[in-house]
Amino acid sequence: MLDGRARRMEYWMFTLLDTIFAILIFVIGTVIGTALSGPPELSGLGFGLLLFYLCVVLMPKLSVTVRRLHDTGRSALWLFIGLIPMVGSLVFLVLMVLEGEPLENEYGPDPLAIPSV
């Protein structure tokens, strides 16, 4: 789902859990791979499992990122700002930290607004 808006907490909780799972998968894969292939060499099992995990999580990660950009009133094309060396990543981080627009914008209603009954 690439429409709608995602508040900061939703984006950052997803990012936190994604990072924790990626680290755990890599460590567990590396430990298992090392146990199977012997101590002198590291197996590529950790990297293989990590790559598989990253492929599985790619679409949800893109979705929540685009929805976070929508919350700040920006289109999905702002994802490409990260391709600019050095400055792009910093600008992207600032965009993810910014507070969303308080009222309804072209991407949907404010996710923090309490729906009226």
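In the block above lies the structure referred to throughout.
Residues numbered from 1 in each chain as written. Predicted model: local features only at pLDDT ≥ 70, side-chain atom pairs only at ≥ 80, totals over all residues. Heavy atoms only, no water.

> Just to check I follow, could you spell out the side chain of Asn 105 for this structure?
Turning to its location among the elements, Asn 105 is positioned in the segment after α3 (87-97). Under the relative-accessibility criterion, Asn 105 is labelled buried at 12%. Excluding residues within four positions of it along the chain, Asn 105 makes contact with Arg 5, His 70, Asp 71 and Gly 73. (Helix = DSSP H or I, 4+ residues; strand = E, 2+ residues; numbered from the N terminus. Buried < 20%, exposed > 50% of the residue type's maximum accessible area, 1.4 Å probe, protein only. Contact = heavy atoms within 4.5 Å.)

> Please clarify how the nonpolar core should be interpreted in this entry.
Nonpolar side chains in soluble globular proteins tend to end up buried together. Counting residues in hydrophobic clusters, the biggest one holds eight residues: Ala 6, Tyr 11, Val 64, Leu 69, Ile 81, Phe 92, Leu 95 and Met 96. Breaking this core down by element, the ones donating at least two residues are α2 (45-71) and α3. Of the residues forming this core, the biggest block, three residues, is contributed by α3. Residues in contact with Phe 92, not counting those within four places in the same chain, are Tyr 11, Thr 65, Trp 78, Leu 79 and Ile 81. (Core = buried A, V, L, I, M, F, W, Y, C linked by side-chain atoms within 4.5 Å.)

> Is there a simple way to think about the packing of α2 against α3 in this case?
Angle between the axes and distance between the axes: these two values describe a pair of packed helices. Packing of α2 against α3 leaves a shortest axis separation of 9 Å and a crossing angle of 70 degrees. If you check the angle between α2 and α3, you find them roughly perpendicular. Residues Thr 65, Arg 68 and Leu 69 of α2 form the contact with α3, whose own contacting residues are Phe 92, Leu 95, Met 96 and Val 97. For the contact of α2 with α3, the per-class residue count stands at five nonpolar, one polar and one charged. (Axes fitted to C-alpha atoms, helices over the stretch in contact; angles between N-to-C directions. Parallel < 35°, antiparallel > 145°, perpendicular 65-115°, else oblique. Nonpolar A, V, L, I, M, F, W, Y, C, P; charged D, E, K, R; others polar.)

> Could you clarify how one ought to interpret the environment of Met 96 in this entry?
Along the chain, Met 96 turns up in helix α3. The exposure class of Met 96 is buried, given its relative accessible area of 1%. On a C-alpha basis, the gap between Met 96 and Arg 68 in space is 6.8 Å, while along the polypeptide they are 28 residues apart. Leave out the neighbours within four places in its chain, and Met 96 touches Arg 8, Tyr 11, Trp 12, Thr 65, Arg 68 and Leu 69.

> Explain α2 here, please?
The periodicity of an α-helix, 3.6 residues per turn, causes residues three or four positions apart to be oriented the same way. With 27 residues, α2 ought to run about 39 Å at 1.5 Å a step, and its terminal C-alpha atoms sit 38 Å apart, in line with that. Val 57 marks where α2 bends most, by close to 45 degrees; the proline Pro 60 follows one to four residues later. Positive phi shows up at Gly 73, right after α2, with a value of about 85 degrees. (Expected span 1.5 Å × (residues − 1). Bend = angle between axes of the 7 residues up to and from the residue.)

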